[in-house]
Amino acid sequence: MDTEALRSFVRAAELGQLGHAADELGVTQQAVSKRIAALERDLEVRLFTRTARGVELTLDGQAFLPHARSVVAGVERAVTAVRPGSRALRIDVLGFRSAQAVVLHEYWRSHPGTDLDVVTLRVDDPRAAVAAIEAGEIDASFRTVTDPAALPSGVRMIRAFDSPLELLVGPGHPLASARELTPARLRKHRIWVPGIAPRSEWGEFYDRLAARFDLRIDAAGPHFGDEVLLDVLADSADVATLVGARDRYIWPASYDLRRIPIVEPTLAYPLSLILPRTNPHPGLRGIIAHLRTLPSLPDPVWLPSWAPEEASQEPA
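Just so you know, the residues in each chain are numbered from 1, in the order the chain's sequence is written. Thresholds applied to this predicted model are a pLDDT of at least 70 for local features of residues and 80 or more for the giving and counting of side-chain atom pairs; totals over whole chains, interfaces and linings are not thresholded and use all residues. Side-chain metrics rest on all non-hydrogen atoms present in the structure, leaving aside hydrogens and water.

1. Here's the deal with helix H10 (residues 284–292)
An α-helix turns once per 3.6 residues; consequently, residues spaced three or four apart project the same way.
Alright, step 1. Whether a residue is buried, partly exposed or exposed follows from its accessible area with a 1.4 Å probe, protein chains only, as a fraction of its type maximum: under 20%, in between, or over 50%, in that order. Under the DSSP-based scheme used, a helix requires at least four consecutive residues in state H or I and a strand at least two consecutive residues in state E, with every element numbered from the N terminus. Among the residues of H10, those classed as buried are Leu 284, Ile 287, Ile 288, His 290 and Leu 291. Along the long axis of H10, the arc covered by the buried residues comes to 160°, so they all point the same way. Think of the arc as the fan of directions from the helix axis to the C-beta atoms.

Written out as structure tokens, the structure reads:
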């Protein structure tokens, strides 16, 4: 059934005149009349009777109107749901306590009118996030495809920001009193990062990090959540973990956990933003501009070789 004919019928019924409906729809009165006539032929009923003042609904027209109005409203909602700029900007982050979520929250606080929908896809393979962008399920994702050649032609990936790592330890750990640490001082200490997923970008990151600095990164066991990890660190004299400097972690004061910066070089996790190559959501322009204002890390900085190039100065 022709949705434009339905829309013409609904507006004519609501306004009582074909001419007024035509003016509102931006077409001629003849076009509205033809659409309604075609609709009546399809339904095999009369929807209007003409009067000196315009048109009035027949009994069949009165019965049909609420259903037609519902269809027209549904079509308008469907179009709004997929048209960039007319709906919330949907961005995928790795977790709601992650550095990406923190940066987005900072942006939203400085731009409180932004219609922003922050989601987490709960997928480990960044290619799944790319597929969600191509399908229109999300507008962008803070993920990294470590082989840029594998990116589909319809998406692009830009450098978002680099997240410096810190060592998180309990008060009984041998490194707990340090103000800062070099990578060399981390050697031979157990760094527990549970739940590193195969094919994930962070899995590749930790492989490169361990190989470059000869670190003992232990991914043994399932990840039962941050609370369990923090419990273990608080009671342990030999277990530490790595966290991003902007990542949010909350623990009881009695745990007395310590976040220690790593320097000479700073170990940094490169965060990327994947978005459509053409017709991106207009809201991404402000997000990308905000990312460019984030401070650079002090040299020297270690990044894995697959870190993408700096963000393009070209607007989204």
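2. With respect to the packing of aromatic side chains
Alright, step 1. Two rings from Phe, Tyr or Trp (for Trp, the six-membered ring) form a pair when their centres are within 6.5 Å of each other. A pair whose planes differ by under 30 degrees is stacked, one over 60 is edge-to-face, and the rest are tilted. Scanning the model with the defined rule gives six aromatic pairs in all.
Alright, step 2. Between the aromatic rings of Phe 205 and Tyr 269, the centroid separation amounts to 4.6 Å while the plane-to-plane angle is 50°, which identifies the pairing as tilted. Taken together, the positions of Phe 205 in helix H8 (residues 201–213) and Tyr 269 in strand S11 (residues 266–276) put the pair 64 residues apart, joining distant regions of the chain.
Alright, step 3. For Phe 205, a relative accessible area of 0% gives the class buried.
Alright, step 4. Overall, the relative accessible area of 10% leaves Tyr 269 in the buried class.

3. Things to note about the layout of surface pockets
Gaps left between atoms are located by rolling a probe of water-molecule size over the structure's atoms.
Alright, step 1. Roughly 1000 Å³ of volume is contained in the largest pocket.
Alright, step 2. In this structure, the largest pocket is lined by 34 residues; those nearest its centre are Leu 94, Trp 202, His 223, Asp 226 and Tyr 249.
Alright, step 3. Every element with two or more residues in the lining of the largest pocket is listed here: helix H5 (99–110), strand S6 (155–169), H8, helix H9 (226–235), strand S9 (239–244) and S11.
Alright, step 4. Ranked by residues supplied to the lining of the largest pocket, first place goes to S9 with four residues.
Alright, step 5. Of the residues contributing to the lining of the largest pocket, the split by class is 17 nonpolar, ten polar and seven charged. Lining residues are those with an atom within 4 Å of a point, where the points come from a 1 Å grid over the protein atoms alone and group into cavities, where a 1.4 Å probe fits but cannot get out, or pockets, open sets with protein on both sides within 12 Å along at least five of seven lines. Grid points are joined across faces, edges and corners, and a volume is the space filled by probe spheres set on the points. For this classification, the nonpolar set comprises Ala, Val, Leu, Ile, Met, Phe, Trp, Tyr, Cys and Pro, the charged set comprises Asp, Glu, Lys and Arg, and every other residue, Gly included, is treated as polar.

4. What to know about the nonpolar core
Alright, step 1. Of all hydrophobic cores here, the largest spans 46 residues; its most connected members are Phe 142, Phe 161, Leu 167, Leu 209, Leu 273 and Leu 291.
Alright, step 2. For this core, the leading source of residues is S6, giving six residues.
Alright, step 3. Residues count as neighbours in contact if any of their non-hydrogen atoms are within 4.5 Å of one another. Setting aside residues no more than four positions away along its own chain, Leu 273 makes contact with Ala 140, Ser 141, Phe 142, Arg 143, Arg 156, Met 157, Ile 158, Ala 160, Leu 284, Ile 288 and Leu 291.
Alright, step 4. Only buried residues count toward a nonpolar core. Its members are Ala, Val, Leu, Ile, Met, Phe, Trp, Tyr and Cys residues joined through side-chain atoms within 4.5 Å. Ranked by size, the runner-up nonpolar core spans 18 residues in total, among them Leu 18, Val 32, Leu 65 and Val 72.

5. So, the packing of helix H1 (residues 3–15) against helix H2 (residues 18–25)
Alright, step 1. Where helices are involved, their axes are fitted lines through C-alpha atoms of the stretch in contact, as for all axes, and angles between N-to-C directions lie from 0 to 180°. Where H1 contacts H2, the axes come no closer than 8 Å and their chain directions differ by 125°. By the angle between their axes, H1 is oblique relative to H2. In the crossing of H1 with H2, the sense of the turn from one axis to the other is right-handed. Across from Arg 7, Ser 8, Arg 11, Ala 12 and Leu 15 in H1, the residues of H2 making contact are Leu 18, His 20, Ala 21, Glu 24 and Leu 25.
Alright, step 2. Its residues assigned to classes, the contact of H1 with H2 shows five nonpolar, two polar and three charged. Oblique is the label for any angle not covered by the other classes, which are roughly parallel (under 35 degrees), roughly antiparallel (over 145) and roughly perpendicular (65 to 115). Helix crossings fall into two classes, left-handed where the near helix is turned counterclockwise from the far one by less than a right angle and right-handed where it is turned clockwise.

Remember that the coordinates give geometry; whether it matters functionally is a separate question.
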